[in-house]
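Below are the chains, spelled out letter by letter.
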Amino acid sequence: MAERSLRGMSIGAKSLESDTNVDFAARTEVAYVCPRGHRTILPFAEGADFPNEWECRCGATAHREDDNDGESDEITKPTRTHWDMLLERRSEDELKALLEKRLEMHRDGWIPDYE
């Protein structure tokens, strides 16, 4: 009996339309954080006025993430560059000697040219 049954798709369950050639409205995502640490991201239409407060899923009042009132809770550390990390391991005199040694090896043919 199962071999003879017809298979099809249920009408109305799936759409046969695609998103090609459809221009969606421009949106801006705004993040809200509640005192318990829950973070909620909501899409708003571009140019809309965003509320400063939003009710969190836990029931507390969440505030906009970028709304710090000029206060910064985090202490930002300066970005360490490759040069900073290199100077933690070697002094500048050691680096100069190492560079001169490698250049001499290159001149003597120990290190091939890659062009």
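Given the structure is predicted, the values throughout are model-derived calculations rather than measurements.

Inspection of the entire model under this criterion finds 4 salt bridges. Of the charged contacts, one joins glutamate 88 and arginine 80 as a salt bridge, the two residues approaching to 3.4 Å between their closest N and O atoms. For the salt bridge of glutamate 100 with arginine 107, the shortest nitrogen-to-oxygen distance reads 3.7 Å. Judged by its relative accessible area of 43%, glutamate 100 falls in the partly exposed class. Its relative accessible area of 53% is what places arginine 107 among the exposed residues. Salt bridges sharing common partners tie together Glu100, Glu104 and Arg107.

As a further point, take the UniProt feature "binding site: Zn(2+)" (unreviewed entry) in the protein chain. As annotated in UniProt, the feature "binding site: Zn(2+)" (unreviewed entry) corresponds to Cys34, His38, Cys56 and Cys58 in the numbering used here. Considering the C-alpha atoms alone, the annotated residues occupy 25 residues of sequence yet fold into one spot, their largest mutual distance being 8.7 Å. As for its placement among the helices and strands, cysteine 34 is situated in the loop between strand 1 (27-33) and strand 2 (39-45). With a relative accessible area of 4%, cysteine 34 lands in the buried category. Every residue in contact with cysteine 34, bar those within four places of it in the chain, is listed here: Cys56, Cys58, Ala60, Thr61 and Ala62. Assignment of secondary structure puts cysteine 58 in the loop between strand 3 (53-55) and strand 4 (61-64). With sequence-adjacent residues up to four places away left out, cysteine 58 is seen in contact with Cys34, Arg36 and His38.

This brings us to the packing of aromatic side chains. Enumeration over the complete set of coordinates arrives at 3 aromatic pairs. Aromatic pair phenylalanine 44 and phenylalanine 50: ring centres 5.4 Å apart, planes at 55°, arrangement tilted. Overall, the relative accessible area of 15% leaves phenylalanine 44 in the buried class. Owing to a relative accessible area of 26%, phenylalanine 50 belongs among the partly exposed residues under this scheme. Ring-pair connections join several aromatic residues into one group, and the members of that group are Tyr32, Phe44, Phe50 and Trp54.

Reading guide: rules and limits
- Residues numbered from 1 in each chain as written.
- Predicted model: local features only at pLDDT ≥ 70, side-chain atom pairs only at ≥ 80, totals over all residues.
- Heavy atoms only, no water.
- Salt bridge = Lys/Arg side-chain N within 4 Å of Asp/Glu carboxyl O.
- Buried < 20%, exposed > 50% of the residue type's maximum accessible area, 1.4 Å probe, protein only.
- UniProt positions renumbered as here; feature names shortened; annotations may be inferred.
- Helix = DSSP H or I, 4+ residues; strand = E, 2+ residues; numbered from the N terminus.
- Contact = heavy atoms within 4.5 Å.
- Phe/Tyr/Trp six-rings, centres within 6.5 Å; stacked < 30°, edge-to-face > 60°.

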